[in-house]
There are 2 protein chains.
Amino acid sequence: MQGNIVVGQSGGPTAVINSSVAGIYSAAKRAGIKKIYGMVHGIQGFLQEEMINLDDYLENDMGIELLKRTPSAFLGTCRFKMPVIDGNEQLYEEVFRIMEKYNIEALFYIGGNDSMDTIKMLSDYARANNKPQRFVGVPKTVDNDLPVTDHCPGYGSAAKYIATTVKEVICDNGSFGLDKPSICVVEIMGRHAGWLTAAASLCRSDECDGPAAIYLPERTFDIEKFVKDMKEIGETRRAAVVAVSEGVKLKDGRFVCELSETDQGTDVFGHKQLSGCGNVLSAIIAEELGYKTRAIEFSTVQRSATHIASLTDIDEAFMAGSDAVEAAREGKTGIMVTLIRDGQFPYHCKTGTYDIHEIANFEKCVPVEWITSDGLNVTQDFVDYAQPLIMGELNPFMVNGVPKHLVIKNK
Amino acid sequence: MQGNIVVGQSGGPTAVINSSVAGIYSAAKRAGIKKIYGMVHGIQGFLQEEMINLDDYLENDMGIELLKRTPSAFLGTCRFKMPVIDGNEQLYEEVFRIMEKYNIEALFYIGGNDSMDTIKMLSDYARANNKPQRFVGVPKTVDNDLPVTDHCPGYGSAAKYIATTVKEVICDNGSFGLDKPSICVVEIMGRHAGWLTAAASLCRSDECDGPAAIYLPERTFDIEKFVKDMKEIGETRRAAVVAVSEGVKLKDGRFVCELSETDQGTDVFGHKQLSGCGNVLSAIIAEELGYKTRAIEFSTVQRSATHIASLTDIDEAFMAGSDAVEAAREGKTGIMVTLIRDGQFPYHCKTGTYDIHEIANFEKCVPVEWITSDGLNVTQDFVDYAQPLIMGELNPFMVNGVPKHLVIKNK
């Protein structure tokens, strides 16, 4: 490529989304690409020509390493969905006008389902209008729900945080010698896919039984069965931690969290804003069984805990960004970089590329055969799948006792 | 000492309460003490003669190191308060009968205010009845509210977790380029003392402004002022994180969390079980100002996150346990080991001992002069006090991607 490139981040942040920016930057520098722009707040900022030159932040050799250790979207993110082309040609023309103005030959977008839709729309428009620019998606989502790719950068680190923290919560909850059972309900992210909640199982070890129950959104949630499950758990052990996905749904289609008082609202894509199913369920345990109970919601901490990120995840996020640049240099467009597991024992992963039309707006859930028949656990197949993704650590750079981050001030 | 000793853990667990057990064990071994018993679930288990021999877990050289890296109370804890002596002589006699049966000359109790009361009562009873046994308290509380001692083991690690996580949440919350302000309310432990909530300020650095506001329970909480504060914050910045103590109270004495629907109940000491003031306040922000808002409660995670514990805290907890054994060997009883800061730049800390009667049932709060006049921040004096306590890390032993712990099965 003779011209420049631009990279943007979109959707919910992860602990390693910045490692993909680092990978794109490093590969582009190696390839001699002149200017590497960063969109501030994704395509939304790009449309306002809000961009930075990544050289200003990454040229010194500490920059890349700090960026790998920085949570959330370094460039800023957005939840902007490109409208249908028909009747919105002006908006699309604006994107290409800005690209031409800055001599940008390739646009890289790091994100999940909604973000990959942006790559699809822009590459479709380019094809239909014989525009030369290339559009490449880089997967990112803690939810791990993108199809085709074996897994998504961002998932492994959130899974590592969840496994680590659930293990610590099990220690805490089990330390009291109570007369009545104590059940702690941990609510974990995942609107439709239970990948993150299933990761609570990864804390099982010689010394830790792990969660007493794991409820994924892939299975219909039955309150009566839940109370029965909790009763049995309370009869067999003094203290237990159960992991529940924020997205568990009743047979009638209502989210369990909707049984609470508070109105939840929806996000700009119409997704229900979920929170509080842990509170709902612990209240049910207290009322129905009289057990001691507590709800813990990991909230956004689980997607931003870079201090305990998975090194495997960081390296794969970096590789996905780096190989996205190679794909664009080979002339590929309208694609997403995928992760391909080409070794299991020992684990090994390489990248590929795939037609964005087969990816955008599709969701990959946990295979039902990976959920035990009683609906309370995941199988060894899940553990074999997920455990390699949480391996390894990258120690933060600690300054005054807390991790150092790379930040664009007032972005 | 010719005989044996016993150690117990009591009250809410911390990330380093086990380091004090490790310190007691190491010093006792060095001193040639034959048997070092551990009470299972504190004095409550001791009264059932539920004890372990710590040699069974700590004799091999990995034991101590694993124990330092294990969250929560390794021995199990309890919330049992010794009743007044008058009319309960039988219970007290039972304690001494068990001590004599196992030839226990010294009892060490690691805990906070309520636990130190147990040391006070038992040593008072021993004095009044000419019993030779010694009773030594070892401070432990994330709340940091014990008097006399400069600070409490357990506080530094919880403070380090809070500063680290608040910094990561600030990155996450600030990453969206929203049209309307986003205010995230982080609810932090501390019933009457704001030490932990104030620790949110420790994330301030070149690249992080830290929380936009910090509300401690030492100041009366005014809802109208809060709404005014949030309005001003929303007018000056797009995204903000505010830290609020679970214990903030209105002028009429009600806890802010009591403004929520859910009934909170009380613990066995009659303390109100607090949770949800973050939810109450974010709901108020949404209703009054229409801002995007979210509540995050660190819950028990903040006291059990040994994976990011402070090395300074671990070492001081170990030292407090070790020096407690020395104090008992010198014949001291009815005392608590205290931490004495004998250097600030550079920080240095040593231990002392102090009459338990001056400690039990007293609470030390954040000095009001360490809170800024607008009630929204803490002064540099607080930072100078707290920052040394969060310095350093002790890397967990990672096995299969998660930290390894030392555990007594089925305790």
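Residues numbered from 1 in each chain as written. Chains lettered and ligands numbered in written order. Predicted model: local features only at pLDDT ≥ 70, side-chain atom pairs only at ≥ 80, totals over all residues. Heavy atoms only, no water.

Peer 1: Just to check I follow, could you spell out the side chain of B:S245 for this structure?
Peer 2: All names here are of chain B. Note on placement: S245 falls in strand β8 (residues 239-245). In this structure S245 comes out as buried when scored by relative accessible area, which is 0%. With residues up to four places along the chain from it excluded, the contact list for S245 reads I188, G190, T197, Y215, L216, P217 and C277. (Helix = DSSP H or I, 4+ residues; strand = E, 2+ residues; numbered from the N terminus. Buried < 20%, exposed > 50% of the residue type's maximum accessible area, 1.4 Å probe, protein only. Contact = heavy atoms within 4.5 Å.)

Peer 1: When you look at the domain arrangement of chain A in this model, what are you seeing that I'm missing?
Peer 2: By a widespread convention, an interface's size corresponds to the accessible area lost as its parts come together. Residue and element names in this part refer to chain A. By the assigned domains, chain A splits into domain 1 (4-154 + 306-362) and domain 2 (155-304). A separation of 33 Å is found between the C-alpha centroids of domain 1 and domain 2. Contact with domain 2 buries area across many residues of domain 1, yet R79, V142 and I308 alone supply 33% of it, more than any other trio. Summed over the shared surface of domain 1 and domain 2, the number is 0 salt bridges. There are 7 residue pairs in polar contact (both at pLDDT 80 or more) connecting domain 1 and domain 2. (Domains from an automatic or database assignment. Buried area = accessible area lost by both parts, 1.4 Å probe. Salt bridge = Lys/Arg side-chain N within 4 Å of Asp/Glu carboxyl O. Polar contact = N/O pair within 3.5 Å; in protein donor to acceptor, adjacent residues only side chain to side chain.)

Peer 1: I tried to follow the nonpolar core on my own but got confused; where do I start?
Peer 2: Most often, soluble globular proteins keep nonpolar side chains buried together rather than apart. By size, the foremost hydrophobic cluster in this structure holds 89 residues, and its most contacted members are A:F382, B:Y155 and B:F382. When neighbours within four sequence positions are excluded, B:F382 is seen to be in contact with B:Y155, B:W195, B:A198, B:A199, B:S201, B:L202 and B:W370. (Core = buried A, V, L, I, M, F, W, Y, C linked by side-chain atoms within 4.5 Å.)

Peer 1: Looking at this model, I keep getting lost on the sheet that holds strand β1 (residues 4-9) of chain A. Mind explaining?
Peer 2: Strand-to-strand pairing in sheets goes through backbone hydrogen bonds, with the strands running parallel or antiparallel. Residue and element names in this part refer to chain A. Taken in spatial order, the 7 strands of this open sheet run β3-β2-β1-β4-β5-β10-β11, and their pairing is mixed. In this open sheet, the two edge strands, each paired with only one partner strand, are β3 (51-53) and β11 (347-355). Recorded for the sheet is a direction-independent mean angle of 30° between the axes of neighbouring strands. Sheet topology note: the strand β5 (residues 134-139)/strand β10 (residues 335-344) ladder contains 2 bridges and is parallel. Looking at the pairing, G137 lines up with M336 of β10. Contacts from helix α1 (residues 17-30) reach β1, β2 (36-39), β4 (104-111) and β5 within the one sheet, and its direction differs from that of β1 by about 175°. (Pairing = 2+ DSSP bridges. Axes fitted to C-alpha atoms, helices over the stretch in contact; angles between N-to-C directions.)

Peer 1: What is the right way to read helix α4 (residues 61-68) of chain B from this model?
Peer 2: For an α-helix the count is 3.6 residues per turn, leaving residues at separations of three or four pointing the same way. All names here are of chain B. Of the positions making up α4, those classed as buried are G63, I64, L66, L67 and K68. The inward-facing, buried residues of α4 contact α1 (17-30), α3 (55-58) and α12 (311-329). One side-chain oxygen at the N-terminal end of α4 lies 2.8 Å from the backbone nitrogen of M62; it belongs to N60.

Peer 1: I would appreciate a short explanation of α1(A) in the present structure.
Peer 2: All names here are of chain A. Relative to the 20 Å expected for 14 residues at 1.5 Å per residue, α1 spans 21 Å between its end C-alpha atoms, a close match to the ideal helical length. Of all 14 residues that make up α1, 12 are buried, and the element is covered over most of its length. Along α1, the residues classified as buried are I17, N18, S19, S20, V21, A22, G23, I24, Y25, S26, A27 and A28. Just beyond α1, the residue with positive phi is G32, at close to 75°. (Expected span 1.5 Å × (residues − 1).)

Peer 1: Any chance you could explain the sheet that holds strand β9 (residues 292-297) of chain A here in plain terms?
Peer 2: All names here are of chain A. An order of β7-β8-β6-β9 is seen for the 4 strands of this open sheet, with the pairing classed as parallel. This sheet does not close on itself; its edge strands, each paired only once, are β7 (213-215) and β9. With strand direction ignored, the average angle separating the axes of adjacent strands in the sheet is 15°. In the sheet, strand β6 (residues 182-188) pairs with β9 via 6 bridges, with the strands oriented parallel.

Peer 1: In this structure, what is going on with the environment of B:P403? I would like to understand it.
Peer 2: Within the secondary structure, B:P403 sits in strand β13 (residues 402-403). On the basis of relative accessibility, which here comes to 2%, the residue B:P403 falls in the buried class. Sequence spacing of B:P403 and B:G111 is 292 residues, and the spatial spacing of their C-alpha atoms is 25 Å. The residues touching B:P403, leaving out its near neighbours within four places in the chain, are A:T164, A:K167, A:E207, B:H307, B:P396, B:F397 and B:M398.

Peer 1: Would you take a moment to explain the interface of chain B and chain A for this structure?
Peer 2: Chain B puts 62 residues into the contact, and the matching count from chain A is 62 residues. Summed over both sides, the interface between chain B and chain A buries roughly 5100 Å², with carbon and sulfur atoms accounting for 52% of that surface. Our count for the chain B to chain A interface comes out at 4 salt bridges. With a shortest N-O distance of 2.7 Å, B:E207 and A:K404 are connected by a salt bridge. Linking chain B to chain A there are 23 residue pairs in polar contact (both at pLDDT 80 or more). Among the secondary structure elements, those contributing two or more residues to the side of chain B that touches chain A are α7 (155-173), β9 (292-297), α11 (301-304) and β13 of chain B. Residue composition of the side of chain B that touches chain A, grouped by class: 22 nonpolar, 23 polar and 17 charged. (Nonpolar A, V, L, I, M, F, W, Y, C, P; charged D, E, K, R; others polar.)

Peer 1: How should the environment of A:R79 be read in this particular structure?
Peer 2: Residue and element names in this part refer to chain A. Structurally, R79 can be placed in the loop between α4 (61-68) and α5 (89-101). For R79, a relative accessible area of 33% translates into the label partly exposed. In the structure, R79 is positioned 37 residues away from G42 in sequence and 8.4 Å away in space, judged by C-alpha atoms.

Peer 1: Please clarify how the relation of the copies chain B and chain A should be interpreted in this entry.
Peer 2: Both copies of the chain are related through a single rotation about an axis accompanied by a shift along the same axis. At an RMSD of 0.0 Å, chain B and chain A line up after a rotation of 180° and a shift of 0.0 Å along the axis. Seen this way, the second copy is the image of the first under a two-fold rotation axis. Residue B:E297 of chain B places its C-alpha closer to the rotation axis than any other residue of that unit, at 3.7 Å. (Least-squares fit on C-alpha atoms with pLDDT ≥ 70 in both.)

Peer 1: I tried to follow unusual backbone geometry on my own but got confused; where do I start?
Peer 2: As a rule of thumb, non-glycine residues mostly have phi less than zero, and peptide bonds are mostly trans rather than cis. Going from A:F345 to A:P346, the amide bond is cis rather than trans, its omega being 5°. Considering the arrangement of structural elements, one finds A:P346 in the loop between β10 and β11. In this model, A:N400 sits at a positive phi of 55°, which is unusual for a non-glycine residue. With respect to the secondary-structure elements, A:N400 resides in the loop between β12 (398-399) and β13 (402-403). Assessed through its relative accessible area of 41%, A:N400 is described here as partly exposed. At B:S72, a residue that is not glycine, the phi angle is positive and equals roughly 65°.

Peer 1: Help me understand the pattern of salt bridges, please; the structure alone is not making it clear to me.
Peer 2: Any two side chains of opposite charge can pair, so long as their charged atoms come close to each other. Residues and elements named next belong to chain A. For the structure shown, the criterion picks out 40 salt bridges over all chains. K101 is paired through a salt bridge with E49; the nearest N and O atoms lie 2.6 Å apart. Residue K101 is located in helix α5, and its partner E49 is located in the loop between α2 (42-46) and β3; the two are separated by 52 residues in the primary sequence. E49 gets classed as partly exposed once you look at its relative accessible area, which sits at 24%.

Peer 1: How do you make sense of the pairing of strand β11 (residues 347-355) of chain B when you look at a structure like this?
Peer 2: Two strands pair when backbone bridges link them, and strand β10 (residues 335-344) of chain B and β11(B) are joined in this way by 9 bridges, in the antiparallel orientation. Among the inter-strand pairings, B:T338 is bridged to a residue of β11(B), identified as B:G352.

Peer 1: Would you take a moment to explain the packing of α1(A) against helix α12 (residues 311-329) of chain A for this structure?
Peer 2: The angle between the axes and the distance between the axes are what describe a pair of packed helices. Residues and elements named next belong to chain A. Relative to each other, α1 and α12 sit at 40°, their axes nearing to 7 Å. The angle between α1 and α12 falls in the class oblique. The element α1 and its partner α12 pack so that their crossing is right-handed. On α12, the residues touching S19, S20, A22, G23, I24, S26, A27, A28 and R30 of α1 are I314, A317, F318, G321, S322, V325 and E326. (Parallel < 35°, antiparallel > 145°, perpendicular 65-115°, else oblique. Left-handed = near helix turned anticlockwise from the far one by under 90°.)

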